[in-house]
Amino acid sequence: MTSTLYQQIQQLYDASSGLWEQVWGEHMHHGYYGPDGNLKKERRQAQIDLIEELLGWAGVPSEKALCESYRILDVGCGIGGSTLYLTEKFSSIAQNNLKLDGGVDRDFSFSPEQTKTGASVTATGITLSPVQANRATERAKIAGMESNVNFLVADALNMPFPDESFDLVWSLESGEHMPDKIKFLQECCRVLKPGGTLILATWCHRPVGETAGELTDEERKELAEIYRVYALPYVISLPEYEDIVRSLPLTSIRSADWSKAVAPFWDVVIDSAFTPSAIWGLLTSGWTTIQAALALGLMSRGYQRGLIRFGLICAVK
């Protein structure tokens, strides 16, 4: 990843993550508002629902997979919202599997002894932001999960892990930050174990080509402003992601466009930004964060016009 882009992403999240947690909570991603986006939900519940819907759509985890040690990689982990949620959820499922298999009823409280049972669930989260990694580590300790979860500052294009390390590679809204989408997905595939699952959810632009037409000058201008504000090199369409994934040693490839289901999130965030605490937090968090907040309308309009899409990919190695 280029040093300038690396610094831009790091500075954006170093500056904004504390305010986001204070105002919007630990999950730094879209929410799910039903297939047509017409369900009214509390914002944080909608974010949890997105995680659950993604897992259900991808068919993860299988009971068989959680009969043995299971390793999760969260690429672009933020302050650990998804990482901790997935670890706790999968550990609970693994515990139930032990009971159903006639095993001893164990307290699944993330003790070191758990790793000896053969059914432990561990997770690693990576981010470019030291502030995020430190806060995620703090949150893991508060939750009593520090022995099963760790967080690193690492480049997703050059992950510091051996081949075939993880059963699940989870990337929830980090692909848009990657300056080399092919290298990014190659790395995700490399660290995935045979039989493991990749789940990717990312910002895209609309499909292009003979039927849809190329991006217009106005659309390119809108995208350029989004790139500038949110430290993005560029985004691609969902069909382009599909083509990359098909070039890798992956099977059972599926894709979906959930733009309607998540689009209401931006209007909800805009509404919540106009509270005294949020306004004060913005004023004290620096210009980078203020710009991101002022640009929330860009994303809302992008969804309304069909320019911005929320693309999903899942595949098995």
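Just so we're clear, the structure is a prediction, and the values are computed from it rather than from any experiment.

Chemist: Describe unusual backbone geometry, and please don't skip the residues or the numbers.
Modeler: The residue after Val 60, namely Pro 61, is reached through a cis peptide bond having omega 0°. The phi torsion at Ser 252 lies on the positive side, around 50°, for a residue other than glycine. Counting through the fold element by element, Ser 252 comes out in strand β6 (residues 251-257). Of the residues examined, Ser 252 reaches a relative accessible area of 52% and is grouped as exposed.

Chemist: How would you summarise helix α5 (residues 181-191) if you had to cite specific residues and measurements?
Modeler: The complete set of buried residues in α5 reads Lys 181, Phe 184, Leu 185, Glu 187, Cys 188, Cys 189 and Val 191. On its buried side, α5 packs onto β1 (70-75), β4 (166-172), β5 (192-205) and α7 (238-246). At the N-terminal boundary of α5, the capping side chain belongs to Asp 180, with an oxygen 3.2 Å from the backbone nitrogen of Ile 182.

Chemist: Requested: an account of the packing of aromatic side chains, with residues and values cited.
Modeler: Ring pairs (aromatic) are described by centroid distance and by the angle formed between their planes. What the rule picks out here adds up to eight aromatic pairs. Relative to Phe 166, the ring of Phe 161 lies with its centre 5.1 Å away and its plane at 85°, an arrangement referred to as edge-to-face. Residue class for Phe 166 comes out buried when judged on its relative accessible area of 1%. Cluster of aromatic residues (ring-pair linked, three or more members): Trp 203, Tyr 230, Phe 265 and Trp 266. Over the ring of Phe 166 we find Arg 71, and its NZ or CZ is 4.6 Å from the ring centre.

Chemist: Describe the environment of Ser 92, naming the residues involved and giving the relevant values.
Modeler: Take Ser 92: it is sitting in helix α3 (residues 81-100). What makes Ser 92 partly exposed here is its relative accessible area of 36%. In this structure the C-alpha to C-alpha distance between Ser 92 and Val 121, which are 29 residues apart in sequence, comes to 9.4 Å.

Chemist: Any details on the pattern of salt bridges? Residues and values, ideally.
Modeler: Scanning the model with the defined rule gives 14 salt bridges in all. We note a salt bridge from Glu 21 to Arg 135, for which the minimum N-O separation is 2.8 Å. Taken together, the positions of Glu 21 in helix α1 (residues 3-24) and Arg 135 in helix α4 (residues 130-142) put the pair 114 residues apart, joining distant regions of the chain. Its salt-bridge partner being Lys 89, residue Glu 52 comes within 3.2 Å of it at the nearest N-O pair. Taken together, the positions of Glu 52 in helix α2 (residues 43-58) and Lys 89 in helix α3 put the pair 37 residues apart, joining distant regions of the chain. Classification of Lys 89 as partly exposed rests on a relative accessible area of 24%. One network of salt bridges, in which partners are shared, links Glu 21, Arg 135, Glu 138 and Arg 139.

Chemist: Can you explain the packing of α1 against α4? Please cite residues and give values.
Modeler: When two helices pack together, their arrangement is given by the angle between the helix axes and by the axis-to-axis distance. One can describe the packing of α1 onto α4 by two numbers: an axis separation of 7 Å at closest approach and a directional angle of 35°. Residues Gln 10, Tyr 13, Asp 14, Ser 17 and Glu 21 of α1 form the contact with α4, whose participating residues are Pro 130, Val 131, Gln 132, Arg 135 and Arg 139.

Chemist: Please provide a residue-by-residue account of the sheet that holds β4, values included.
Modeler: By definition, the strands of a sheet pair up through backbone hydrogen bonds, in either a parallel or an antiparallel sense. On the basis of which strands lie adjacent, the open sheet formed by seven strands has the order β3-β2-β1-β4-β5-β7-β6 and mixed pairing. Sheet topology places β3 (149-153) and β6 at the edges, where each strand pairs with a single neighbour. Within the sheet, the average angular offset between the axes of one strand and its neighbour, ignoring direction, is 15°. As judged from the five bridges shared by strand β2 (residues 121-127) and β3, these two strands associate in the parallel manner. Within β3, the position partnered with Gly 125 by the bridge is Phe 151.

Chemist: Which residues make up the side chain of Arg 206, and what are the values?
Modeler: Its location among the elements puts Arg 206 in the loop between β5 and α6 (217-230). When its relative accessible area of 11% is taken as the criterion, Arg 206 is described as buried. Not counting residues within four places of it along the chain, the set of residues in contact with Arg 206 comprises Ala 212, Gly 213, Glu 214, Leu 215, Thr 216, Glu 219, Ser 237, Gly 306, Leu 307 and Arg 309.

Chemist: Provide a residue-level description of the packing of α6 against helix α12 (residues 296-304), including the pertinent values.
Modeler: In contact at an axis separation of 10 Å, α6 and α12 are set at 140° when each is read in the N-to-C sense. Comparing their axes, α12 and α6 come out oblique. Here α6 runs over α12; the crossing is left-handed. Between α6 and α12, the contacting residues are Glu 225, Ile 226 and Tyr 230 on the first element and Leu 296, Leu 298 and Met 299 on the second. Here the residues of the contact of α6 with α12 sort into five nonpolar, no polar and one charged.

The rules behind these values
Residues numbered from 1 in each chain as written. Predicted model: local features only at pLDDT ≥ 70, side-chain atom pairs only at ≥ 80, totals over all residues. Heavy atoms only, no water. Helix = DSSP H or I, 4+ residues; strand = E, 2+ residues; numbered from the N terminus. Buried < 20%, exposed > 50% of the residue type's maximum accessible area, 1.4 Å probe, protein only. Contact = heavy atoms within 4.5 Å. Polar contact = N/O pair within 3.5 Å; in protein donor to acceptor, adjacent residues only side chain to side chain. Phe/Tyr/Trp six-rings, centres within 6.5 Å; stacked < 30°, edge-to-face > 60°. Lys NZ or Arg CZ within 6 Å of the ring centre and 35° of its normal. Salt bridge = Lys/Arg side-chain N within 4 Å of Asp/Glu carboxyl O. Axes fitted to C-alpha atoms, helices over the stretch in contact; angles between N-to-C directions. Pairing = 2+ DSSP bridges. Parallel < 35°, antiparallel > 145°, perpendicular 65-115°, else oblique. Left-handed = near helix turned anticlockwise from the far one by under 90°. Nonpolar A, V, L, I, M, F, W, Y, C, P; charged D, E, K, R; others polar.

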